[in-house]
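# Coordinates in review
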Amino acid sequence: MRAAVMLEVGQPLSVEELTPLDPGPRDVVVRLGASGICHSDLSIAHGTFPCPCPSILGHEGAGRVEFVGAEVTRVRPGDRVIGAPVAACGHCWFCIRDEAHLCRELSMSRSVPRSARADGTAVPAMCGLGTFADEMVCNELSLVRLETDLPDEQLSILGCGVTTGVGSVLNTAHVEPGASVAVIGCGGVGQSAIQGARIAGAGQIIAIDTVALKRETAATMGATDMVDPSEADPVEQVRALTGGRGVDYAFEVIGNLTTMVQAVSMARRGGAAVWVGAPAADAVVSLSAIDVFYEEKRILGCLFGSSQPRREWPRLVSFAEQGRLDLSSMISRRFALDEVNDAFQAIEAGEVIRSVILY
Ligand SMILES: [Zn+2]
Ligand SMILES: [Zn+2]
């Protein structure tokens, strides 16, 4: 198998030939058709999020099942599948309380070695998946089977970014028809939050980004107002657009401390800030306690859009099939696996909404 491996933090990924290890009884071998590139892959390569070296990066993958271990029951060879970065066991304290995205049981499976380098070094895979590879071996609990004619490249971006964005609106915040929404950061997840707000019937959707391409794309995804935060204080701009009150829901989709506090500030009295973006592991936020108390602000943490893949993905696939969720316009560029480092550069330059690797 050919894979993009992180050998050292801060260095380009190494695209090399690996030898897959024998799959266990509950493991599945998937021939990948496409992998999305999520900002978290970049954050790991930069060392913002911890991950052992070496590791195969990538956690947004779609493909077809090639082989199943003797005890596998969820999927069969030939099935189309998406890999879930939050695998759920289905029977722990969280899973039986309908919070499968918070399942803790399978975190250990993430460090299982899945392949070996030419010198024999064992290589685990990010999130137990490792989709920057033409093939992945993972536990069956990490896979969701889907019946659809949507292409792999569209299914792959459901794997993390789109589900996080749409889910933050539908599952975490439960945005109601007519509500006002602001989205800070309009990359792949932010555009998905904008689409989620449109699907939820939000009355006003304010897109906030310094990059013109992202504001223009937001307008096509359903945003009603566009704000350039480099022109003037974004909190004041949002208040000016909402009768001085602020929005019902402010989504922060970057994981930046300044914009996380801005999200709280631009929520109206009684409104909610939703922290969707992943902050650095050591980030500590400073807020006005009296504002949160007196203004009755709510701050909602949001992991993976509070989404349970086995329930969420069939719903998102049907939204896409009905034309209510636009996946094709989310994909700005397509790369070969050998170009993965160029793809990272395109993200850093703000040139893309979402990029995919095609196999
Ligand atoms: Zn991701
Ligand atoms: Zn569980």
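Residues numbered from 1 in each chain as written. Chains lettered and ligands numbered in written order. Predicted model: local features only at pLDDT ≥ 70, side-chain atom pairs only at ≥ 80, totals over all residues. Heavy atoms only, no water.

### Concerning the overall build of the protein chain
Along the protein chain, the regular secondary structure elements total 9 helices and 19 strands. Against the compact-globule benchmark of 21 Å for 359 residues, the protein chain has a radius of gyration of 20 Å, which places it among compact chains. Taking all 359 residues of the protein chain together, the buried fraction comes to 58%. Within the protein chain, contacts between residues at least 6 apart in sequence are counted, and of these 70% link residues at least 24 apart. (Helix = DSSP H or I, 4+ residues; strand = E, 2+ residues; numbered from the N terminus. Rg over C-alpha atoms; globule rule 2.2 N^0.38 Å. Buried < 20%, exposed > 50% of the residue type's maximum accessible area, 1.4 Å probe, protein only. Contact = heavy atoms within 4.5 Å.)

### Notes on the pattern of salt bridges
Opposite charge on two side chains allows them to pair when their charged atoms are near. In this structure the tally under the stated criterion is 19 salt bridges. The closest approach of N and O atoms between Glu17 and Arg2, which form a salt bridge, is 3.7 Å. In this pair, Glu17 sits in strand S2 (residues 14–17) while Arg2 sits in strand S1 (residues 2–6), placing the two residues 15 residues apart along the sequence. Classification of Glu17 as partly exposed rests on a relative accessible area of 48%. A salt bridge links Asp152 to Arg80; the shortest N-O distance between them is 2.9 Å. Taken as a pair, Asp152 in helix H2 (residues 152–173) and Arg80 in strand S7 (residues 80–83) lie far apart in primary sequence, 72 residues in all. (Salt bridge = Lys/Arg side-chain N within 4 Å of Asp/Glu carboxyl O.)

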